Amino acid sequence: MTARQLAVLLTVYLEPPPHTVRGLAARLDVTKPVVTRALDALGRLGLIERRRDEIDLRNVLIQRTVAGALWVERLGDRVIARAKGLPR
């Protein structure tokens, strides 16, 4: 996973929804194509899903998945475990 993909994934999981390509691009200060490429990769991994906004069909909403939530949780566990091993 690239740093950009991780940034997009963590933004989706750690900030309250709804998430759109436009909103993620603005939040991360990157272009929409950059976010789209990251979302394509994350979608192939099953870590996010896209769906049309039922209120405004022009928008695509980015949603969390169970697999993505578990991946983020395991990442957090690894960070905590590594931090415990660091000298004080």
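Criteria and cut-off values
- Residues numbered from 1 in each chain as written.
- Predicted model: local features only at pLDDT ≥ 70, side-chain atom pairs only at ≥ 80, totals over all residues.
- Heavy atoms only, no water.
- Helix = DSSP H or I, 4+ residues; strand = E, 2+ residues; numbered from the N terminus.
- Pairing = 2+ DSSP bridges.
- Contact = heavy atoms within 4.5 Å.
- Axes fitted to C-alpha atoms, helices over the stretch in contact; angles between N-to-C directions.
- Salt bridge = Lys/Arg side-chain N within 4 Å of Asp/Glu carboxyl O.
- Buried < 20%, exposed > 50% of the residue type's maximum accessible area, 1.4 Å probe, protein only.
- pLDDT = per-residue confidence, 0-100.
- Expected span 1.5 Å × (residues − 1).
- Arc of directions from axis to C-beta.
- Parallel < 35°, antiparallel > 145°, perpendicular 65-115°, else oblique.
- Left-handed = near helix turned anticlockwise from the far one by under 90°.
- Nonpolar A, V, L, I, M, F, W, Y, C, P; charged D, E, K, R; others polar.

**Notes on unusual backbone geometry**
Where the residue is not glycine, phi is negative for most of them; where a peptide bond is considered, it is trans in most cases.
Next up, step 1: Put simply, P17 and P18 share a cis peptide bond, and its omega is 10°.
Next up, step 2: Considering the arrangement of structural elements, one finds P18 in the loop between α1 (3–14) and β1 (19–20).
Next up, step 3: Positive phi outside glycine occurs at D29, with the angle close to 55°.
Next up, step 4: Structurally, the position occupied by D29 is in the loop between α2 (21–28) and α3 (32–44).

**Observations concerning the sheet that holds strand β2 (residues 48–52)**
Next up, step 1: Read across the open sheet, the three strands follow the order β1-β3-β2; overall the sheet is antiparallel. One side of each edge strand has no neighbouring strand; the edge strands of this open sheet are β1 and β2.
Next up, step 2: The sheet contacts of α3 involve β2 and β3 (60–64), and relative to β2 the element is tilted by about 115°.

**A look at the pattern of salt bridges**
Next up, step 1: On inspection of all chains with the given rule, the structure shows three salt bridges.
Next up, step 2: With its nearest N and O atoms 2.9 Å apart, the salt bridge here joins R58 to D56.
Next up, step 3: Overall, R58 belongs to the exposed group, its relative accessible area being 71%.
Next up, step 4: Given the relative accessible area of 21%, D56 is considered partly exposed.

**Considering the confidence of the model for the chain**
Next up, step 1: Per-residue pLDDT for the chain averages 94, and the proportion of residues at 70 or more is 100%.
Next up, step 2: By mean pLDDT, helix α4 (residues 66–84) is the weakest element of the chain at 94, and α3 is the strongest at 97.

**As for α3**
Next up, step 1: Taking 1.5 Å per residue as the helical rise, α3 with its 13 residues ought to reach 18 Å, and the 18 Å between its terminal C-alpha atoms agrees with that figure.
Next up, step 2: Along α3, the residues that are buried comprise V35, A38, L39, A41 and L42. Projection of α3 onto a plane perpendicular to its axis shows the buried side chains occupying an angular sector of 160°, all on one side. In α3, the exposed positions that point more than 90 degrees away from the buried face belong to R37 and R44.
Next up, step 3: The inward-facing, buried residues of α3 contact α1, α2, β2 and β3.
Next up, step 4: Taken from the residues just after α3, G46 is the one with a positive phi, measuring 80°.

**Section: the packing of α1 against α2**
Next up, step 1: Between α1 and α2, the least distance of the axes is 11 Å, while the angle of their chain directions is 110°. In terms of axis orientation, α1 runs roughly perpendicular to α2. Regarding α1 and α2, the two cross each other, and that crossing is right-handed. Residue-level contacts link A7, V8, T11 and V12 of α1 to L24, R27 and L28 of α2.
Next up, step 2: Of the residues contributing to the contact of α1 with α2, the split by class is five nonpolar, one polar and one charged.

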